[in-house]
Amino acid sequence: MRVFVTGASGWIGSAVVPELIGAGHQVVGLARSDASAAALAEAGAEVRRGTLDDLDTLRGAAAESDGVIHLAFKHDIAFSGGFEEAADADRRAIDTFGDALAGSGRPFLIASGTLGLAPGQVATERDGQASGPAVVHTTGEPAKRLANAHATAALAERGVRSSVVRLAPTVHGDGDPGFLATVVATAREKGVSGYIGDGANRWPAVHRSDAAHLFRLALEGAPAGSTLHAVADEGVPIRTVAEVIGRHLGLPVASVSPDDAPGHFTWLASVLAMDNPVSSAYTRELLGWRPTGPGLVDDLDKGHYFAAL
C-alpha cells in the first residue's frame, strides 16, 4: 500500500515507518520541519511538508493514498495547558481524513490511549466504546481524546476501514522521551525515586517495536470500526518501577503522599496515580499479534534510561 503517516518522525512514527517499508509498503510522511523531513527521507519515506493545521494538505495526501495512519498530536501544546486546543486540532484532522476516505473501504488508523478507561479493573477493548456494556469513567482531558476515538470508529459507517489503536501510557525503548523518561528525570532531580501512596497502582506497557508491529497488522487486516490495545505488560505496579529506578540511580525509594504528589511530580502526578491495568487478549486473537520486545522491567534493567546526560 501507499500509506500516509502523520507523526512519522515522532517516537512511535519513527518505528512504524521502517516496519511498513520492511513489509513492502510505500510511506509518505508528514513533516513540519527540515529535521523531520531529513529523518523521513533517510528512512526511505517520501516527504510531504505540512502540519496538522494544513487541512488541504491532509486531504490531498489521504486521497492519494491507500491508507492513513494518524499518529501526530500536539503534545507540546497539550502538556503546557492547551490540551483542549490540541484535541480540537486532532478532531479536525480526523474529520478531514474521514471525508477524504469516505466510501473507499481504505484503512484509517489513529493512536489513542488506555488511561482512564476502567479504573480499578482490567480494561478490555470493549471498555470505553460509544455504545456497549462497559461504563466509561473518563472525564476532562481523557474524555476529549476518547470522543475523537469514537468519531474515528464511527467512520466505519461511512465506508472507511477505521481502527483505534489504544497505546499503553508507557511505550518504552531506547530513546523514549515520554512518561517513563520523565519519572526517571524526576527521581534524579528530587534525589529520591518516589511512588504515590502504596504504589500498588498499575501501568500497562508496550515496547515501541511491538506497538509499531501492531499498527502494521491493523493497517493490513483490522476490521472496520475496531478498537485494539497495544499492551504487552498488563499492569506493572508503580512501586516496582520506582524500585528499579532507585536501584539503577543509587537513590532511596520512598512513598509520596497523595497530598504532596502534585508538588513532587508536578503535571505527572495525576497520571502516575492512576490504576490502569489493561488486557490485549482480543487484539492478540484478532490479528495474531505477539509482542516479542522486552517487558517494562527488563527494558529498564538494560540501563539506557539511566545513561549519563
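For the structure, check the block above.
All figures in this text were calculated on a predicted structure; none of them were measured in a lab.

**Q** Explain the side chain of Arg 216 to me, and be specific about the residues and the numbers.
**A** Mapped onto the elements, Arg 216 comes out in helix H7 (residues 208-221). Taking relative accessible area as the criterion, Arg 216 reaches 16% and is therefore assigned buried. Excluding its chain neighbours within four sequence positions, the residues that come into contact with Arg 216 are Glu 19, Leu 20, Ala 23 and His 25.

**Q** Describe the sheet that holds strand S9 (residues 202-207), naming the residues involved and giving the relevant values.
**A** A sheet is described by the order of its strands in space; here 3 strands give the open sequence S7-S9-S11, paired in mixed fashion. Each edge of the open sheet carries a strand with a single partner, namely strand S7 (170-172) and strand S11 (233-237). Taken pair by pair, the neighbouring strands of this sheet meet at an average axis angle of 40°, ignoring direction. In this structure, S7 lies alongside S9, joined through 3 bridges in parallel fashion. Note on S9: the bridge partner recorded for Val 171 is Val 206.

**Q** I'd like a rundown of the pattern of salt bridges, residues and numbers included.
**A** Overall, the coordinates contain 11 salt bridges when judged by the stated rule. We note a salt bridge from Glu 46 to Arg 2, for which the minimum N-O separation is 3.2 Å. Of this pair, Glu 46 sits in strand S3 (residues 46-49) while Arg 2 sits in strand S1 (residues 2-6), placing them 44 residues apart in sequence. Ionic pairing is found between Glu 220 and Arg 216, a salt bridge with its closest N-O pair at 3.1 Å. Pair noted here: Glu 220 and Arg 216 are both in helix H7, with a separation of 4 residues, about one helical turn. For Glu 220, a relative accessible area of 34% gives the class partly exposed. Taken together, the shared-partner salt bridges in this structure form one network comprising Glu 19, Arg 216 and Glu 220.

**Q** Break down H7 for me, citing the residues and quoting the values.
**A** Three or four residues apart is the spacing at which side chains of an α-helix point the same way, because the helix has 3.6 residues per turn. Under the 1.5 Å per step criterion, the end-to-end length of H7 is 20 Å for 14 residues, consistent within 8% with the ideal 20 Å. Taken together, the buried positions of H7 are Asp 210, Ala 211, Ala 212, Leu 214, Phe 215, Arg 216, Leu 217, Ala 218 and Leu 219.

**Q** Any chance you could break down the nonpolar core for me, citing the residues and the numbers?
**A** By size, the foremost hydrophobic cluster in this structure holds 41 residues, and its most contacted members are Ile 69 and Phe 215. Elements represented by at least two residues in this core include exactly S1, helix H1 (13-22), strand S2 (26-31), helix H2 (34-43), strand S5 (107-113), strand S6 (161-167), H7 and strand S10 (226-230). Here this core gets 7 residues from one element, more than from any other, and that element is H7. Discounting residues that sit within four places of it in the chain, Phe 215 has contacts with Ile 12, Val 16, Ile 69, Leu 71, Leu 109, Ile 110, Ala 111, Val 165 and Leu 167. Within the second largest apolar cluster, 26 residues are counted, among which are Phe 179, Tyr 195, Ile 196 and Ala 261.

Procedures and definitions
Residues numbered from 1 in each chain as written. Predicted model: local features only at pLDDT ≥ 70, side-chain atom pairs only at ≥ 80, totals over all residues. Heavy atoms only, no water. Helix = DSSP H or I, 4+ residues; strand = E, 2+ residues; numbered from the N terminus. Buried < 20%, exposed > 50% of the residue type's maximum accessible area, 1.4 Å probe, protein only. Contact = heavy atoms within 4.5 Å. Pairing = 2+ DSSP bridges. Axes fitted to C-alpha atoms, helices over the stretch in contact; angles between N-to-C directions. Salt bridge = Lys/Arg side-chain N within 4 Å of Asp/Glu carboxyl O. Expected span 1.5 Å × (residues − 1). Core = buried A, V, L, I, M, F, W, Y, C linked by side-chain atoms within 4.5 Å.

Any link to function would need more than the numbers given here.
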